[in-house]
Amino acid sequence: MNMYEIIEALQEDVEVPEIVQTKAEEALEQIRKTCAGGKKKSPVGGKGNVMSRRGRKRLIVSIAAAVLAIGGTCVAATYRGFSRSTEKQMNISEKQKSEFESQAMEKVDKVEAQETEQERVQEMENDTLVTFPEVSATDKGVTVTLQDCIVDNYNARLSFRVEGYQMPEAPEGMASCQPELKFGIMVDGEQNPGDISGSFYSGWYGGAFEKLLEDETIQNYQFPDGSMEYNIHISCIDKGYYMNKPIRVAFSGFEYYTEKAGEPHMDLEGNWALEWTLRGSDEVYEADVEHGAIGDTGATLTHVELSPISAKVLVHFPKQEYEEETDDGGIHTTWKEPPRLCGVKLSDGTVSYDSWLGGGGSLCYVETDICEILNYSGQIVDVSQVEYLLFQKDYPEDGNVTDDNFYFVKVR
């Protein structure tokens, strides 16, 4: 990278390390004193306005670039927006990417424009489904950065970028070791609330209805620059539980597996603790369903509660218990499940067969014949446009699904 490329990169919106920011601000202050010539200082930015956070960052970075150009040294981490894994696994379109990243930056400016802390907090609590908190922690030469955060009424998806960690060499006969992170989560003082899962992005992600696609930029869990991405999903049956709550995610070590059923090997222990406040969208479409028969299955959809990355529904389905044999030869009593909730049809005619296949979910009987299904989404759904919910009827042998493979139930 030549000097012009470095300066161009530095002039983008970036998060500047503290030492660089301090030196740049000192230089900026010296420039002010020199240029003021004893006159009354006016706010930087011109026209009597206090410069916004984005404007200050750009000015500071421009000074840092000048320092670099005359022989100084600085390192800046570029503001990245959505992580690669979020884009792929949540099927983020270029339009959505642009809209959500713009909304997030506008939110920062609106918050900083408020005059009091109470007004700033109120502005922060307004609907923002996707945020980019830009918090990080470094230990043992490894930096973990929260890149994006998606929160709605029941679910939160957190994507972290890991830099500086070198994967161990795989044993002979294996393509790679399977890496894992040890971590704990505390939300509003409660340890590990709700259902929690986490995994490194392997480069595989969901395509059209359960078909896996490969992101060829990923090899052995690592990007070409050696970085990795780790995603955590948390969900809670209590509506709005995660909204506007302080959260602490503490990573304590890198482990790896060399066989599926084996014990993990600890590779690197450390302390990477990240703290921020969860922000999200409480947007919801909730309604009782009058004619909710799911085909001829005997199941009836009675109530829906749809959020951008969550679907919570009630289905009347008489409980049918049966016994099945387990892998170890024992007997397990379970019950037949209603058709699986899969996708949506929007008011403009757009059909998505697998809106709620990407993440999984939970099912439980809240009454003898009423089961509650909570799914989290494999993509962001515009709930204001949902007209039908899709339940799976069957799966074609050739894997090419059509409308005929689903039951369409009108909910609006």
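Procedures and definitions
- Within each chain, residue numbers correspond to sequence positions counted from 1 in written order.
- The predicted nature of this model means local features are confined to residues of pLDDT at least 70 and side-chain atom pairs, given and counted, to a pLDDT of 80 or more, with totals for whole chains, interfaces and linings taken over all residues.
- Note: side-chain values were computed over all heavy atoms of the structure, leaving out hydrogens and water.
- Three labels apply to residues, based on accessible area from a 1.4 Å probe with only protein chains included: buried if under 20% of the type maximum, exposed if over 50%, partly exposed otherwise in between.
- Think of it this way: any DSSP run of H or I at least four residues long counts as a helix, any run of E at least two long counts as a strand, and we number them from the N terminus.
- A pair of strands is treated as paired once DSSP finds two or more bridges between them.
- Side-chain atoms alone can form a polar contact between residues adjacent in sequence; in general such a contact is a pair of N or O atoms within 3.5 Å, and within protein one must be able to donate a hydrogen while the other accepts it.
- Contacts are assigned to residue pairs with any non-hydrogen atoms lying within 4.5 Å of each other.
- Note: pLDDT gives the predictor's confidence per residue, expressed from 0 to 100.
- What is meant by a nonpolar core is a set of buried Ala, Val, Leu, Ile, Met, Phe, Trp, Tyr and Cys residues, joined one to another through side-chain atoms within 4.5 Å.
- Salt bridges are identified by distance alone: a Lys or Arg side-chain nitrogen within 4 Å of an Asp or Glu carboxyl oxygen.
- The pairing test for Phe, Tyr and Trp rings, Trp by its six-membered ring, is centres within 6.5 Å, and the orientation test on the planes gives stacked under 30 degrees, edge-to-face over 60, and tilted for anything in between.
- Charge-over-ring contacts are defined here by two conditions on Lys NZ or Arg CZ: a distance within 6 Å of the ring centre and an angle within 35 degrees of the ring normal.

Our next topic: the pairing of strand β5 (residues 142-151). Buried residues dominate β5, accounting for 10 of its 10 residues. Taken together, the two bridges between strand β3 (residues 130-131) and β5 define a ladder with antiparallel strand orientation. In the strand pairing of β5, V130 is matched with I150. Linking β5 back to strand β6 (residues 155-163) in an antiparallel pair, the connection comprises three residues.

In spatial order, the strands read β8-β7-β13-β14; together these four strands make up an open sheet with antiparallel pairing. With one partner strand each, in any of the chains shown, β8 (190-191) and β14 (265-277) form the two edges of the open sheet. One ladder, built from 10 bridges, connects strand β13 (residues 246-257) with β14; its direction is antiparallel. Among the inter-strand pairings, R248 is bridged to a residue of β14, identified as E275.

A separate point is the side chain of Q379. Within the secondary structure, Q379 sits in the loop between β23 (370-376) and β24 (386-392). On the basis of relative accessibility, which here comes to 15%, the residue Q379 falls in the buried class. Reaching out from Q379, the side chain makes a polar contact with the side chain of S352 at a distance of 3.3 Å. Setting aside its immediate chain neighbours within four residues, Q379 contacts M90, N91, P308, I309, S352, D354 and S355.

Before going further, it helps to spend a moment on the confidence of the model for the protein. On average, residues of the protein score 78 in pLDDT, and 75% of them reach the 70 mark or higher. Predicted confidence for residues 30-78 stays below pLDDT 50, and this span has 62 contacts to residues more than four positions away or in other chains.

The biggest cluster of nonpolar side chains holds 35 residues, and the ones touching the most others in it are L158, F160, F251 and W276. For this core, the secondary-structure elements that each account for two or more residues are β5, β6, β7 (178-187), β12 (228-235), β13 and β14. Excluding its chain neighbours within four sequence positions, the residues that come into contact with L158 are L146, D148, C149, Y230, N231, I232, I247, V249, W276 and L278. Core analysis: the next-biggest nonpolar cluster, separate from the first, contains 27 residues, I294, V313, W356 and L389 among them.

The next thing to look at is unusual backbone geometry. Look at K140: it is not a glycine, yet its phi comes out positive at around 55°. Here K140 is to be found in the loop between β4 (136-139) and β5. Owing to a relative accessible area of 53%, K140 belongs among the exposed residues under this scheme. Backbone geometry places Y221, a non-glycine residue, at a positive phi of 75°. As for its placement among the helices and strands, Y221 is situated in the loop between β11 (212-214) and β12. Exposure remark for Y221: the relative accessible area of 16% places this residue in the buried category.

This part is about the environment of V409. Its location among the elements puts V409 in strand β25 (residues 406-410). Overall, V409 belongs to the buried group, its relative accessible area being 2%. For the pair V409 and L301, spaced 108 residues apart in the sequence, the C-alpha separation amounts to 7.9 Å.

Next up on the list: the side chain of K312. Looking at the element boundaries, K312 is found in strand β17 (residues 310-316). On the basis of relative accessible area, K312 is assigned to the buried category, the value being 15%. Beyond its immediate stretch of four places on either side in the chain, K312 contacts Y154, I237, H303, V304, E305, E372, I373 and L374.

Before going further, it helps to examine the pattern of salt bridges. What the rule picks out here adds up to 10 salt bridges. Across the pair E229 and R161 runs a salt bridge, and its minimum N-O distance is 3.8 Å. With E229 in strand β12 and R161 in strand β6, this residue pair connects regions lying 68 residues apart in the sequence. Overall, E229 belongs to the buried group, its relative accessible area being 2%. Taking relative accessible area as the criterion, R161 reaches 9% and is therefore assigned buried. Shared partners join several salt bridges into a network, and the residues in it are R161, E163, D225 and E229.

Our next topic: the sheet that holds strand β21 (residues 351-352). Whenever strands of a sheet pair, they do so through backbone hydrogen bonds, lying parallel or antiparallel. With antiparallel pairing, the four strands of this open sheet are ordered in space as β21-β20-β24-β25. Of all the strands in the sheet, the pair left with one neighbour each is β21 and β25. In this sheet, β21 lies alongside strand β20 (residues 341-346) in antiparallel orientation, the contact comprising two bridges. Looking at the pairing, K345 lines up with V351 of β21.

Glancing now at the packing of aromatic side chains. Across all of its chains, the model carries 14 aromatic pairs by this definition. Arranged with centres 4.1 Å apart and planes meeting at 15°, the rings of Y165 and F254 form a pair that is stacked. Here the residue Y165 occupies a position in the loop between β6 and β7, and F254 occupies one in strand β13, the gap between them amounting to 89 residues. We note that Y165, like F254, is buried. Each residue in the set F160, F183, F200, Y230, F251 and W276 is aromatic and connected to the rest through ring pairs, giving one cluster. One cation-aromatic arrangement involves R161 over F223; the distance from NZ or CZ to the ring centre is 5.9 Å.

Here we come to the environment of D152. Looking at the element boundaries, D152 is found in the loop between β5 and β6. For D152, a relative accessible area of 0% puts it in the buried group. A C-alpha to C-alpha distance of 8.0 Å links D152 and Y242, two positions 90 residues apart in sequence. Engagement of the side chain of D152 in a polar contact is seen with the side chain of S310, the distance being 2.9 Å.

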